[in-house]
Amino acid sequence: MAPAGKVTGFYREGNDWFCNASLVSDVTLVVDGVNFHLHKFPLVSRCGRIAKILEAAQGPHEGTLLTTLEDFPGGSDIFLVAVKFCYSIRVEYTPRNIVIIYCAADYLEMTEEYGEDNLLLKADAYFHKNTIRNWKDCILALQTCDPVIPRADKLEIISKCLNALSVMVCTDPSLFGWPMLMYGSLQSPGGSILWNGINTGARIQTIESDWWFEDISYLAVPLFQRLIQTMEARGIRHENLAGAMMYYCRKYLPGLGRWQSGQSGKTRTVASFSMTPAAVDQKVLLESVVNLLPELKGKSFCRFLLGLLRVALILGVNHTCQDSLERRIGMQLDLASLDGLLIPSYSDSDTLYHTDCVERMILHFISSEPGVATTPAPSSFEIGTSPSSDPLRRVAKLVDSYIAEVASDVNLKPGKIRSLAEALPESSRSLHDGLYRAIDIYFKAHPWLSDKEKEQLCNMIDFQKLSIDACAHASQNDRLPLRVVLQVLFFEQLQLRTALAGCLHVLDTESAPAAPVAVTGPTDMAGQIVQRDGWVTVVRENQGLKVDLERMKSRVGELEEEFSKIKQEMRKVTKSHSYLSSPRFLARRIGCKLLPQSSDTQPDVVESTGPTPRSSIEQPRSSRHRKSSSLF
């Protein structure tokens, strides 16, 4: 029997809710500290849980029964909705409350067993007919699932919403949801919108493949993670999933935006509905996203990973997450940029940059590149070889630039410079100019280094792989140890001699008469080339150097002897003024004969009275020089 009088509503007084019926309430239910003064019959006829509680609480005592409902889904506000339904008051269902009402009806056991068209059946019908068929409503329903996730999982509400969203992402967005549903199938063959069969001339705008990034970014981290996993199982492309995660991270990780300037782009949304951003724990978000990210490669993706690593070091994520980021970056280190690698040191370290992190990335790159250690080194004099011809050389160039940037840190130890430079194999650098520049910057910022420490760092440089400009700079660099400068000069001369020998060999080949060429096999020809360009060339160069050295020694000795004789004659000449003023006397004593100058057409000739070592090597001089010597 229903209470006398029609119930038109509920009113609140302080912390208590009352029904405006004429009968006095006989049961008080407490939900989240709020007291609801109600009647047994409407509740028992609809709610199986309350019926069982009241049946178990009946006893000899009379009066109002007080019962507390623990962990009620949605709190006192949703319980009021369920109570209104029990009193046959109209309940309004919306995408924002349907999940909570669904869970509350399940909690109260408002099934068909306790009344036809009960609340659980109505909530289920609205959810399946309206919510999961519309993109906007599905997003709103998922956003309200946070406080009731366990019960919503039991009712499969979340999984159904996630599957529905995944299907809609894979489908043409013009087939579902607002604002496309307002057009429906009213579209002309040309793509114009029809209104009552009349062509309006307006056209539906083309929607990009990333239109859903903004909408799903309003979900909390656990639901966003599950949605990405569901989409991956559905077969959505990894590039799109990675783009959605990048968008999500840039929205909730403010530190990431500073390193991803210009990449956030415009707001992408289809639903255009008012939603509040989710409350996100940045550390949990970063660790979850790192586990979800697919194995992709690309410059923008690598830059995004470097930004995540910066934020991870600031937040202090677990070691597994940091190691995963370093490994992912290391596998595509050849696509990284220098500014991305300049990661500041956020710990108590004295250094300005996190060099240990970069070194581990280099090691990950080496381990991921097949055959790096066995790659043959290029020729020392192949100056024209591009250092960016393969990933290994691109990384070597990047590492040299990185060392040059961090070298100005006064607290950076020489051992760290050495470990960074030696992390790559010798075959990675066709030219050592970048490494030389980095070490020179380090010497300039650390003038207190000893010669031994400088020589240890210079030993990493292969001076045969320095360009001519770098050799010229190093030969005049007072910051380098003397032994290193001498070594640079030696290899510079050797490089020039090799180039000159090659030119002479080409000239000899061109001037030599054509001779019959014997037909030889590939093995014999290779042996001849190795013999000609190998030890034979080195032996000939050494012999040429020895001959030049002996000639120079003999020439210096003869010049010294001649100079001593001139000094003796000069002493004798000073005794007589007449002899001093006579140029013929001085020329006669030296051994030269002065010829008279008859005309400008006759060239001046200086004849030597005796054989001298200079006569065989001197080249003809200009007429001006000859006249000056004759006057002397």
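Conventions and cut-offs
- Throughout this description, residue numbers start from 1 for each chain and increase along the sequence as written.
- For a predicted model such as this one, the threshold for reporting local features is a pLDDT of at least 70, and the threshold for listing and counting side-chain atom pairs is 80 or more; totals across whole chains, interfaces and linings nevertheless cover every residue.
- Hydrogen atoms and water are omitted, and side-chain values are computed over all heavy atoms in the structure.
- UniProt positions are given in the numbering used here, feature names are shortened, and annotations may be inferred rather than shown by experiment.
- Helical segments are the DSSP runs of H or I of at least four residues, strand segments are the runs of E of at least two, and each set is numbered from the N terminus.
- Per-residue accessibility takes into account occlusion by the displayed protein chains alone, with areas from the Shrake-Rupley method and a 1.4 Å probe.
- Only Phe, Tyr and Trp rings are paired, with Trp represented by its six-membered ring, and only when their centres lie within 6.5 Å; those with planes under 30 degrees apart are stacked, over 60 edge-to-face, the remainder tilted.
- Three exposure classes are used, based on accessible area relative to the maximum for each residue type with a 1.4 Å probe and protein chains only: buried under 20%, partly exposed in between, and exposed over 50%.
- Should the NZ of a Lys or the CZ of an Arg lie within 6 Å of a ring centre and within 35 degrees of the ring normal, that charge is described as sitting over the ring.
- Whether two strands pair comes down to DSSP finding at least two bridges between them.
- For this analysis, a salt bridge means a side-chain nitrogen from Lys or Arg found within 4 Å of a carboxyl oxygen belonging to Asp or Glu.
- As a rule, the C-alpha atoms of each element are fitted with a line to give its axis, helices using only the stretch in contact, and angles between N-to-C directions run from 0 to 180 degrees.
- The contact criterion used is simple: two residues touch if any of their non-hydrogen atoms lie within 4.5 Å.
- What is meant by a nonpolar core is a set of buried Ala, Val, Leu, Ile, Met, Phe, Trp, Tyr and Cys residues, joined one to another through side-chain atoms within 4.5 Å.
- Where each domain begins and ends follows an automated or database-derived domain assignment.

- The name recorded for the protein chain in an unreviewed UniProt entry is BTB/POZ domain-containing protein At3g44820, from Nicotiana tabacum.
- UniProt lists a comment for the protein chain under the heading Sequence similarities (unreviewed entry), and it reads "Belongs to the NPH3 family."
- Per its UniProt entry, the protein chain bears the Pathway (unreviewed entry) comment "Protein modification; protein ubiquitination."

**A short note on the overall build of the protein chain**
Right, so step 1: Helix and strand counts for the protein chain come out as 28 helices and nine strands.
Right, so step 2: Element-wise, carbon and sulfur atoms account for 54% of the exposed surface of the protein chain, whose accessible area totals about 36,200 Å².

**Examining the packing of aromatic side chains**
Right, so step 1: Inspection of every chain in the model, using the stated rule, returns 13 aromatic pairs.
Right, so step 2: Seen in terms of ring centroids, Phe213 and Tyr247 are 6.3 Å apart; in terms of plane orientation they differ by 50 degrees. Their pairing is tilted. Here Phe213, found in helix 9 (residues 213-216), pairs with Tyr247, found in helix 11 (residues 238-252); they are 34 residues apart in sequence, far enough to count as distant. Just as Phe213 is buried, Tyr247 falls in that class too.
Right, so step 3: Each member of the aromatic cluster is reached from another via a ring pair, and the members are Phe36, Phe72, Phe79 and Tyr107.
Right, so step 4: In this structure, Lys454 is placed above the aromatic ring of Phe443, and the distance from its NZ or CZ to the ring centre is 5.6 Å.

**A closer look at the pairing of strand 3 (residues 27-31)**
Right, so step 1: Strand 3 sits mainly inside the fold: five of its five residues count as buried.
Right, so step 2: With burial as the criterion, each face of strand 3 is covered, one bearing Val27, Leu29 and Val31 and the other bearing Thr28 and Val30.
Right, so step 3: Two elements, strand 3 and strand 4 (residues 34-38), share five bridges in a ladder whose sense is antiparallel. When the sheet's bridge partners are listed, Leu29 is paired in strand 4 with Phe36.
Right, so step 4: Counting the residues between successive antiparallel strands, the hairpin from strand 3 to strand 4 contains two residues, one of them, Asp32, with a positive phi of roughly 55 degrees.
Right, so step 5: Two strands pair when backbone bridges link them, and strand 3 and strand 5 (residues 65-68) are joined in this way by four bridges, in the parallel orientation.

**Some thoughts on the pattern of salt bridges**
Right, so step 1: Tallied over the entire structure, the rule returns 19 salt bridges.
Right, so step 2: The shortest N-O distance in the salt bridge between Glu359 and Lys416 comes to 2.9 Å. Of this pair, Glu359 sits in helix 17 (residues 355-368) while Lys416 is found in helix 19 (residues 414-422), placing the two residues 57 residues apart along the sequence.
Right, so step 3: For Glu359, a relative accessible area of 18% corresponds to the buried category.
Right, so step 4: The class of Lys416 is buried, set by a relative accessible area of 18%.

**Points about the sheet that holds strand 3**
Right, so step 1: Spatially, 1-2-4-3-5 is the arrangement adopted by the five strands of the open sheet, whose pairing is mixed. Strand pairing shows two members of the sheet lacking a second neighbour, strand 1 (10-13) and strand 5, which therefore form its edges. Along the sheet, successive strands turn relative to each other by an average axial angle of 25 degrees, direction set aside.
Right, so step 2: The sheet contact formed by strand 2 (residues 16-19) and strand 4 spans three bridges and is parallel. Looking across to strand 4, one finds that Phe18 is bridged to His37.
Right, so step 3: Along the sheet, helix 3 (residues 75-86) contacts strand 1, strand 2, strand 3 and strand 4; its crossing angle with strand 4, the most-contacted strand, is approximately 10 degrees.

**Comments concerning the nonpolar core**
Right, so step 1: Counting 158 residues, the largest nonpolar core has Leu38, Phe79, Leu108, Trp212, Leu286 and Leu308 as the members making the most contacts within it.
Right, so step 2: Among the domains, domain 1 (7-130) and domain 2 (390-507) are the pair contributing at least three residues each to this core.
Right, so step 3: Ignoring anything within four residues of it in the chain, the contact list for Leu308 reads Cys249, Leu253, Leu256, Leu286, Leu293 and Leu325.

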